[in-house]
Amino acid sequence: MTARETTLLRGKPVADGVYAKLEPRIAALADRGVVPGLAAILVGENPASQVYVRSKSKAFARLGLMAETFALPSDTSASDLGALIDRLNGDDRFHGLLVQLPLPAHLAADRLLDRVTPDKDVDGFHPYNLGLLMAGRPALIPCTPQGILELLQHYKIKTAGRHAVVAGRSMIVGKPLAALLSLKRPTGNATVTLCHTGTENLSAFTRQADLLIVATGVPGLISPDMVKPGVDIIDVGMNRVEDDSEKGYHLEGDVITGDMLGRANSITPVPGGVGLMTVAMLVSNTVLAAEISAGVAAGR
Ligand code: GUN
């Protein structure tokens, strides 16, 4: 028997398609004198966060959009960070405002994220926007789940009627994605199982998946014996694993891509898969927020 051909679900062509569709919308805003702007708050020196914020800024610059990073020291107090959020909420140059996560341990992320005005919440993390999503009226949707839906659509991976198993219940990926996949619309209509650290016998669930989305932050958690042949796999993991290389680390997903070749129907590479989509959807959400504030798109 010949081995199955596994399709690599690369993010680049999908992200490029998102940017191409945004271009006329950006031009229409420019005609009104509006340049979509993002304020990104980065607290502390987390190297991965620094890389992510830099790649977000670069994407904005490439499209002629505005992005400013507000870098604060790791010992910033909750009241100082809250005051900066309040100030940026009121600054008309910025249509989008995000606080890069994780925050240092002394800062309560949920309380601080509550202070981002929902209209500028381009991460979609505010309880109001998460609530709209649960109510089936998604507005500003968290970027990684939204990017995963774009990937699935681009590569014509069906969701309706299939069993989607999501591993990881974070507010950033797992929970909103489970909600999106269960919505009654073309990019949803899946039967969804949400697994997490409290799940007993994880592999009993992952083996049932037609579509498996893994967002646990545990490198190499999912091995080939844990999936059925022909599964479609979205690997959200971006784990820094130390090695002897010059950099001192390499990136590994929650799934070892190479081990799935010949078994899965498709899989996202790490890097080069989901990460590129997260950035593209952040740009998309910021353009949408700018359109709403300019009165050219309907708000919530
Ligand atoms: N940390 C990891 N992913 C994200 C994201 O999508 N947004 C923010 N703000 N922080 C993150």
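The coordinates are above.
Residues numbered from 1 in each chain as written. Predicted model: local features only at pLDDT ≥ 70, side-chain atom pairs only at ≥ 80, totals over all residues. Heavy atoms only, no water.

Caption draft 1: Local environment of unusual backbone geometry. Between Leu-101 and Pro-102 the backbone carries a cis peptide bond, its omega angle lying at 0 degrees. Take Pro-102: it is sitting in the loop between β4 (96-99) and α4 (109-113). Looking along the chain, the bond that leaves Val-270 and enters Pro-271 is cis, with omega of -5 degrees. Tracing the chain through its elements places Pro-271 in the loop between β11 (266-267) and α10 (274-294). For Lys-156, which is not glycine, the phi dihedral falls at a positive 55 degrees. Tracing the backbone through its elements, the reader meets Lys-156 in the loop between α6 (143-154) and β5 (163-167). (Helix = DSSP H or I, 4+ residues; strand = E, 2+ residues; numbered from the N terminus.)

Caption draft 2: Summary view of the pattern of salt bridges. In the structure shown here, the tally under the stated rule is eight salt bridges. Close ionic contact of Asp-16 with Lys-12 constitutes a salt bridge, the shortest N to O distance being 2.8 Å. Separated by four residues within a single helix, Asp-16 and Lys-12 lie in helix α1 (residues 12-31), roughly one turn from each other. Two residues, Glu-291 and Arg-25, come together in a salt bridge whose shortest N-O distance is 2.8 Å. Of this pair, Glu-291 sits in helix α10 while Arg-25 sits in helix α1; the two residues are 266 residues apart in sequence, bridging distant segments of the chain. Under the relative-accessibility criterion, Glu-291 is labelled buried at 9%. Classification of Arg-25 as partly exposed rests on a relative accessible area of 31%. One salt-bridge network, held together by shared partners, links Glu-68, Asp-91 and Arg-93. (Salt bridge = Lys/Arg side-chain N within 4 Å of Asp/Glu carboxyl O. Buried < 20%, exposed > 50% of the residue type's maximum accessible area, 1.4 Å probe, protein only.)

Caption draft 3: Focus on the packing of aromatic side chains. For the coordinates displayed, the defined rule picks out one aromatic pair. For the ring pair Phe-70 and Phe-94, a centre distance of 5.8 Å and an interplane angle of 80 degrees mean the geometry is edge-to-face. Here Phe-70, found in strand β3 (residues 66-72), pairs with Phe-94, found in the loop between α3 (78-89) and β4; they are 24 residues apart in sequence, far enough to count as distant. Residue class for Phe-94 comes out buried when judged on its relative accessible area of 1%. Sitting over the face of the ring of Tyr-249, Arg-240 holds its NZ or CZ atom 4.2 Å from the ring centroid. (Phe/Tyr/Trp six-rings, centres within 6.5 Å; stacked < 30°, edge-to-face > 60°. Lys NZ or Arg CZ within 6 Å of the ring centre and 35° of its normal.)

Caption draft 4: The site of the ligand, seen in detail. As a structural note, the neighbourhood of the ligand is formed by Lys-56, Leu-98, Val-99, Gln-100, Leu-101, Asp-123, Phe-125 and Ile-172. The side chain of Gln-100 places a nitrogen or oxygen atom 3.3 Å from a nitrogen atom of the ligand. Across the complex, the protein chains shield 85% of the 280 Å² of accessible surface that the ligand would expose by itself. (Near = heavy atom within 4 Å. Polar contact = N/O pair within 3.5 Å; in protein donor to acceptor, adjacent residues only side chain to side chain. Areas by Shrake-Rupley, 256 points an atom, 1.4 Å probe, with all protein chains shown as cover.)

Caption draft 5: Fine view of the pairing of strand β2 (residues 37-43). The element β2 is extensively covered by neighbouring structure, given that seven of its seven residues are classed as buried. The two faces of β2 match: Gly-37, Ala-39, Ile-41 and Val-43 on one face and Leu-38, Ala-40 and Leu-42 on the other face are all buried. In this structure, β2 lies alongside β3, joined through seven bridges in parallel fashion. Bridging across to β3, Gly-37 finds its partner in Met-66. As a crossover connection, the stretch from β2 through helix α2 (residues 47-62) into β3 is right-handed. (Pairing = 2+ DSSP bridges. Right-handed = clockwise from strand over helix to strand, strands pointing away.)

Caption draft 6: Region of interest: the sheet that holds β4. In space, the three strands of this open sheet follow the order β3-β2-β4, with parallel pairing throughout. Edge strands, defined here as strands with exactly one partner in the open sheet, are β3 and β4. Mean inter-strand twist for the sheet, computed between neighbouring axes without regard to direction, equals 15 degrees. Pairing of β2 with β4 involves four bridges; the strand directions are parallel. Note that in β4 the partner of Ile-41 across the bridge is Val-99. (Axes fitted to C-alpha atoms, helices over the stretch in contact; angles between N-to-C directions.)

Caption draft 7: Spatial organisation of the packing of α1 against α6. Relative orientation of the contacting elements α1 and α6 amounts to 105 degrees, with a least axis distance of 10 Å. With respect to each other, α1 and α6 are oriented roughly perpendicular. Across the interface between the two elements, Pro-13, Val-14 and Val-18 from α1 touch Glu-150, Leu-151 and His-154 from α6. (Parallel < 35°, antiparallel > 145°, perpendicular 65-115°, else oblique. Contact = heavy atoms within 4.5 Å.)

Caption draft 8: Just the sheet that holds strand β7 (residues 211-214), in detail. Read across the open sheet, the six strands follow the order β1-β11-β8-β7-β5-β6; overall the sheet is parallel. Two strands in the sheet have a free side with no partner beyond their single neighbour: β1 (7-8) and β6 (191-195). Bridge count for β1 against β11 is two bridges, and the pairing is parallel. Each bridged residue has a counterpart across the sheet, and for Thr-7 the counterpart in β11 is Ser-266.

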